[in-house]
Amino acid sequence: MIDTDVIERTLAAALRRGGEFAEVFVEDRRSTGAVLDDGRIEDLSSGRDRGAGIRVVVGGTTGFAHTADLSEAGLRAAADAASAAARGSGDSRGAVDLGRRTSTGGRASIRPEDVAKEAKVELLSRADQAARAEGGAVTQVTVRYADVRRRVLVANSDGVHAEDDQVRTLLSLAAVARGDTGLQTGRESVGRTVGFELFAVVDVEELARTAARRALTKLAARPAPSGSLPVVIGRGGGGVLFHEACGHGLEADLVAKRASVFAGRRGELVASPLVTLVDDGTMGEEWGHIGIDDEGRPAQRNVLIEDGVLTDYMWDHLRARAEGRPSSGNGRRQSYQHLPMVRMTNTYIGNGPDDPDDIIAATDHGVYVAQLGGGQVNTATGDFVFGMTEAYLIEGGRITEPLREGNLIGNGPEVLTRIDMLGNDFAMGHPGTCGKDGQGVPVGDGTPTLRVTSLTVGGTAA
Amino acid sequence: MSPAGDVDPVGAELIGVARRVVGAAPAGEAIEVAVARGRRTTVQVHAGDVESFTSATSFGIGVRVVVGGREGFAHAGSLDPDVVADTLAEARDNARFASPDEHVGLVEPDGVEPVPVDRWSDALLSVPDADKVHRALALERAVTTAPRIRTVRNATWSDASGWSALVATSGIERWSRSTACSISVSAIAADGDDTATGYGVDAARDPGALDDERVAAEAVARATELLGGRPVPSQRVTLVLEPRLAATVLGIVAGTLTGDVVAKGRSPFADRVGETVASPLLTLVDDPTDARSLAADEFDGEGLACRRNVLIDDGVLRGFLHDGTSARRTGARSTASAVRGARGLPTPGVQALAVRPGHRSSDALLAEVGDGFVVRSFAGLHSGVNPVSGDLSVGAEGRMLRGGQLAEPVREVTLATSLQRLLLDLRALGDDLTWLPGGSGAVTVVVDGVALGGR
């Protein structure tokens, strides 16, 4: 993307007024998207964002500047601005020598730019027709296609020099059904870190039928109960629980600021012994997969909780450096206009011992959540919420009536200890965008079927 | 946005970029170009030191092309001539694949005169970086030195100045500029093993208008008052929403009153114009001509003069917010409610929502309510509200209200109702009109009969 000697001179300029660390992050992002809504193909859009973010670390202070001008003069101006922002006052660090550039990614076999727009649009029409064919009560269908190719180059004054070529492809659907109880929405989505070859293995019509069936089922849904109940979460559906209940609290930046309930608890039993929690950026094709993180560190598999014991946090460059340890490859950022921070990649709980049918059969009265929506956590208290987008009542050990949407609320450290059954049917969940301090990054999650002995269900029924 | 008459040099430059693209349109092709340039500074401090200092300029261009009823769009983060040319080419190419739709297209100027709004502060541009750092550090110190505060997660100063231009083949040509600054702090209070958090924020066009002391005091008060909070038993409660939270909920309601969701049958309030949808106490307007709102503006995202739009009047639904496309689709006129950045197509949206105040103070309302739940924060709003069905279920923290007095702190409970019921169950409005950082103006709101889920 940019010549090595230009980057070396930019890094040297960034450290001209002193400082312990400088970094150049270059990004070239191309995206396309199309939406079919109300039977029409609309909102066809393309985006191009290209630029560099430069940071300089002086003591505990990071100076940051970014530019869309990738000429040597443009990079130099950004380096000067970052250096001034870091308020360095020492002497130049001298020349910076980068090693040979390493390359990862680029595994998409059909890149977005090589796919005719007709083919993308045709997917949308097929999905629309399949969803509407599920029943006359399906009154609205929205289908979104999006792809992004993100090429990044990271170089820093420690000699890191790496590039990655990330391609992601996403299709999401929302079907609206109308009935006596009003309007109900059913959703489904698939997203992977691959190119258009995704649609050789994914049946778009089946996704559409699933979304439509969810909406139709909910027409008969009754209000969800309110109060504390056992909750069974279906395979692939529970990842967001762990993402919110403890994932964010295991991010080393929040730990260091004492803004996490998991600070100072390494080596302690923090969860049911059934729970082994892993964050794994290397999971090929999954939505949170990366070749390198946005600090140039190769993605890796990190065990965070093992058999219920907190083993480690997730780390980015700055937090790892402060502790004199290596980064765990979790330094990520939304774009070149943002500073990196500790972020999750693909976060999951592995298989447990139980047959999923037994988990439901063992539950006399509770809620079965087939699909969770988005969530949110207050890492300092551990209190979290997440939405149930598809849920059913469990009565007498059987799944019975569908429930309307609602939120679940709980406290991370408490909920982790209340997982009493874990299935043997692991699956990854839906592609997600994780937000933290205003930055969104793609993340994946997964779980087998599992039971929490009690969570607070936020329904309207007494 | 301002008319192109008294344009400043940056505005003139952006208009020039946009004009060159629009000038490339052959007969039969409509082009609209939005161009933006912004500068921002963000200072984050932690533990008495500057954690990060960001200083950056960014650019954006968005090109909309309409040919034969087909619309295409492209955007880019650079105004380099080759990038601009590629962006136009991509937008044209995208238009080829859209469904023909008689309702899409650019708006024509409608002759409504803009109400002037000054959104610029020269004073903000001359604030030295050292002062920004000093202010953020002082804010952090004011919070950390308060009793029972364990730490501050972030204290932040940020400021931004931006220019934008909009030029279209329909004859629209606008530019605007604005400044904004904000300070915020996130406090963590602790008492033994118990922790609670509180947030304070203020935003203004001018740095002199920011109230640092109030921001610090609010963060401390919100964090410390929730210490010891625990779930209460499930029950039906009367909710008291302070203006900040009332604005959030009414903003969600207003989002269901936008033309695109109405036209596509995705609003619980579609087909209900003229009907009583709320308590007669409620009058809700979207009025970007009200200069008290930080979101006040002269023109909307398609270049029409902003105007005052009444959504709900004495509880009766009066209409919806439209941009050009949603207006044509529903046989209405644009209400100049197109909302957009350079990176996206315009959509109809809320700009400066305001509720008509009631006649009693918030203290009088608390006394009148007697027993209830005073909400201090919501969680999970993005997943907990279904704007299609209207179902609402969110996490909440706050204080019980007993005998008109604030009582025990409450955490880890859910609140559930529907947007439709919430509007009808609205019992009282305060007189405490408050203009919030997001640009809306709201008062204390009391709502009856909400399901609280707890122990």
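Each chain carries its own residue numbering, running from 1 in the direction its sequence is written. As a convention, the first chain written is A and the first ligand written is 1, with the rest following in written order. Totals for whole chains, interfaces and linings use every residue, but because this is a predicted model, local features are given only for residues with pLDDT of at least 70 and side-chain atom pairs only at 80 or more, for both listing and counting.

**Digging into the overall build of chain A**
Applicable threshold: Numbering of helices and strands starts at the N terminus; helices are DSSP runs of H or I of at least 4 residues and strands are runs of E of at least 2. Every radius of gyration here is taken over C-alpha atoms, with the globule rule written as 2.2 Å times N^0.38, N being the number of residues. Buried means a residue has 20 or more other C-beta atoms within 10 Å of its own C-beta, exposed means 12 or fewer, and partly exposed covers the counts in between; C-beta atoms are placed from the backbone. Contacts here follow a simple rule: the backbone-placed C-beta atoms of the two residues must lie within 7 Å.
Within chain A one finds ten helices and 23 strands. Relative to the 2.2 N^0.38 estimate, which gives 23 Å for 462 residues, the radius of gyration of chain A is 24 Å and therefore close to what a compact globule would have. By the burial criterion, 62% of the 462 residues in chain A qualify as buried. When contacts within chain A are restricted to residue pairs at least 6 apart in sequence, those whose partners lie at least 24 apart make up 75%.

**Here we look at the overall build of chain B**
Within chain B one finds eleven helices and 21 strands. For 455 residues, the compact-globule formula gives about 23 Å, and the C-alpha radius of gyration of chain B, at 24 Å, lands near that figure. Out of the 455 residues in chain B, the part that is buried amounts to 55%. Sequence separation of 24 or more characterises 71% of the internal contacts of chain B that already satisfy a separation of 6 or more.

**Describing the domain arrangement of chain A**
Residue and element names in this part refer to chain A. Selection criterion: Reported domain spans reflect what an automatic or database domain assignment gives. By the convention adopted, Pro, Cys, Tyr, Trp, Phe, Met, Ile, Leu, Val and Ala count as nonpolar, Lys, Arg, Asp and Glu as charged, and the other residues, Gly among them, as polar.
When the domains of chain A are assigned, the result is domain 1 (4-219) and domain 2 (226-458). Here domain 1 and domain 2 have C-alpha centroids that lie 23 Å from each other. Taken together, the residues of the side of domain 1 that touches domain 2 break down into ten nonpolar, twelve polar and ten charged.

**Points about the interface of chain B and chain A**
Note the cut-off: By this definition, two strands are paired if DSSP reports at least two bridges between them.
Between chain B and chain A, the residue contacts involve 63 residues of the former and 65 residues of the latter. Among the residues forming the side of chain B that touches chain A, the class breakdown is 20 nonpolar, 28 polar and 15 charged. Here strand β3 (residues 61-67) of chain A runs beside strand β3 (residues 49-67) of chain B; their pairing, made up of three bridges, is parallel. Opposite Thr62 of chain A, over in β3 of chain B, you have Ser52 of chain B as the bridge partner.

**A word on the domain arrangement of chain B**
Residues and elements named next belong to chain B. Its domain assignment divides chain B into domain 1 (2-223) and domain 2 (229-455). Listed per partner, the contact involves 34 residues of domain 1 and 27 residues of domain 2. Of all the elements in the fold, those that place two or more residues in the side of domain 1 that touches domain 2 are β2 (29-46), β3, β4 (70-76), β5 (149-168), β6 (173-191) and β7 (194-204). Of the residues in the side of domain 1 that touches domain 2, the class split is 19 nonpolar, eight polar and seven charged.

**A short note on the nonpolar core**
To keep it simple, the criterion reads: Put simply, a nonpolar core is buried Ala, Val, Leu, Ile, Met, Phe, Trp, Tyr and Cys residues tied into one set by C-beta atoms within 7 Å.
Among the nonpolar cores identified, the biggest contains 193 residues, and Ala82 and Val367 of chain A together with Leu250 of chain B are the most heavily contacted of them. Per-element accounting of this core gives the leading share, eight residues, to strand β16 (residues 383-395) of chain A. Beyond its immediate sequence surroundings of up to four residues, Ala82 of chain A is in contact with Ala14, Ile54, Arg55, Val56, Gly63, Phe64 and Ala65 of chain A. If you look at the next biggest cluster of nonpolar residues, it comprises 75 residues, including Leu36 and Ala68 of chain A together with Val33 and Leu166 of chain B.

**What about helix α3 (residues 117-132) of chain A?**
All names here are of chain A. Put simply, the test is: The length a helix should cover is 1.5 Å for every residue beyond the first.
Its 16 residues place the ends of α3 23 Å apart at the C-alpha level, agreeing with the 22 Å of an ideal helix rising 1.5 Å per residue. By the burial criterion, the buried members of α3 are Lys120, Leu123, Leu124, Ala127, Asp128, Ala130 and Ala131. Looking at the packing, one finds that the buried side of α3 touches β1 (21-37), β2 (40-58), β5 (138-156), β6 (161-179), α4 (198-201) and α5 (204-219).

**Quick word on the packing of α3 of chain A against α5 of chain A**
Residue and element names in this part refer to chain A. Worth spelling out the cut-off: Between the N-to-C directions of two axes lies an angle of 0 to 180 degrees, each axis being a line fitted to C-alpha atoms and, for a helix, fitted only over the stretch in contact. Roughly parallel refers to an angle under 35 degrees, roughly antiparallel to one over 145, roughly perpendicular to one between 65 and 115, and oblique to any angle outside these ranges. Crossing handedness is read from the near helix: turned anticlockwise from the far helix by less than a right angle, it gives a left-handed crossing, and turned clockwise, a right-handed one.
Running from amino to carboxyl end, α3 crosses α5 at an angle of 40°, the nearest separation of the two axes being 8 Å. Classified by the angle between their axes, α3 and α5 sit oblique to one another. Every pair of crossing elements has a handedness; the one defined by α3 and α5 is right-handed. Of the residues in α5, those touching α3 at Leu123, Arg126, Ala127, Ala130 and Ala131 are Val204, Glu205, Leu207, Ala208, Arg209, Ala211 and Ala212.

**Brief notes about helix α2 (residues 72-85) of chain A**
Across its 14 residues, α2 of chain A extends 20 Å between first and last C-alpha, which sits within 8% of the 20 Å expected from 1.5 Å per residue. Where α2 of chain A is buried, its residues meet α1 (4-14), β2 and β3 of chain A together with β3 of chain B. Backbone geometry just downstream of α2 of chain A places Arg87 of chain A in the positive-phi region, at approximately 60°.

**Here we look at the packing of α1 of chain A against α2 of chain A**
Residues and elements named next belong to chain A. Two numbers describe how α1 lies on α2: the axes approach to 8 Å, and their chain directions differ by 25°. Comparing their axes, α2 and α1 come out roughly parallel. Crossing of α1 against α2: the hand is right-handed. Across from Val6, Thr10, Ala13 and Ala14 in α1, the residues of α2 making contact are Glu72, Leu75, Arg76, Ala79, Asp80, Ala82 and Ser83. Looking at the contact of α1 with α2 residue by residue, the class counts come to six nonpolar, two polar and three charged.

**Quick word on the pairing of strand β17 (residues 405-418) of chain B**
All names here are of chain B. For strand β16 (residues 391-402) and β17, the ladder comprises ten bridges, and the chain directions are antiparallel. Of the residues in β17, the one forming a bridge with Leu392 is Thr417. Counted along the chain from β16 to the antiparallel partner β17, the turn is two residues long, and its residue Gly403 has a positive phi close to 60°. Of the pairings in the sheet, the one linking β17 to strand β21 (residues 445-453) comprises three bridges and is antiparallel in character. Across the sheet, residue Ala416 finds its bridge partner in β21, namely Ala451.

**Observations regarding the confidence of the model for chain B**
Rule in force here: pLDDT expresses how confident the predictor is about each individual residue, on a scale running from 0 to 100.
Of the residues in chain B, 99% have a pLDDT of 70 or more, and the chain-wide mean is 95. Prediction confidence for the complex, expressed as pTM and ipTM, is 0.94 and 0.92 respectively.

**Digging into the pairing of β2 of chain A**
Burial within β2 of chain A is extensive, with 16 of its 19 residues counted as buried. Between β1 of chain A and β2 of chain A, which pair antiparallel one after the other, the connecting turn spans two residues, and Asp38 of chain A there sits at a positive phi close to 55°. Summarising the sheet, β2 of chain A and β4 of chain B pair through five bridges and their orientation is parallel. Of the residues in β4 of chain B, the one forming a bridge with Gly47 of chain A is His75 of chain B. Where β2 of chain A meets β3 of chain A, seven bridges bridge the pair, whose relative direction is antiparallel. For Ala52 of chain A, the partnering residue across the bridge sits in β3 of chain A and is Thr67 of chain A.

**What about unusual backbone geometry?**
In this model, Asp437 of chain A sits at a positive phi of 50°, which is unusual for a non-glycine residue. On the secondary structure map, Asp437 of chain A appears in the loop between β21 (432-436) and β22 (439-447). Phi is positive for Arg148 of chain B, which is not a glycine, with a value near 70°. Within the secondary structure, Arg148 of chain B sits in the loop between α4 (129-144) and β5.

**Thoughts on the environment of Pro207 of chain B**
Take Pro207 of chain B: it is sitting in the loop between β7 and α5 (212-225). Here Pro207 of chain B is in contact with Ala123, Leu124, Val127 and Cys181 of chain B, once residues within four sequence places are set aside.

**Structural notes on the environment of Thr363 of chain A**
All names here are of chain A. As for its position among the elements, Thr363 is in the loop between α9 (356-361) and β15 (365-377). What makes Thr363 buried here is the crowd of 23 C-beta atoms within 10 Å. Note: C-alpha distance between Thr363 and Val232 (131 residues apart in sequence) is 8.4 Å. Ignoring sequence-local partners within four residues, the contact set of Thr363 consists of Pro230, Val232, Ile394, Gly397 and Arg451.

**Quick notes on the environment of Met400 of chain B**
Residue and element names in this part refer to chain B. In this structure, Met400 sits in strand β16. Classification of Met400 by C-beta neighbours within 10 Å gives partly exposed; the count is 18. Between the C-alpha atoms of Met400 and Val107, which are 293 residues apart in sequence, the distance is 51 Å. Aside from chain neighbours lying at most four places away, what touches Met400 is Val232, Phe373, Ala407, Glu408 and Val410.

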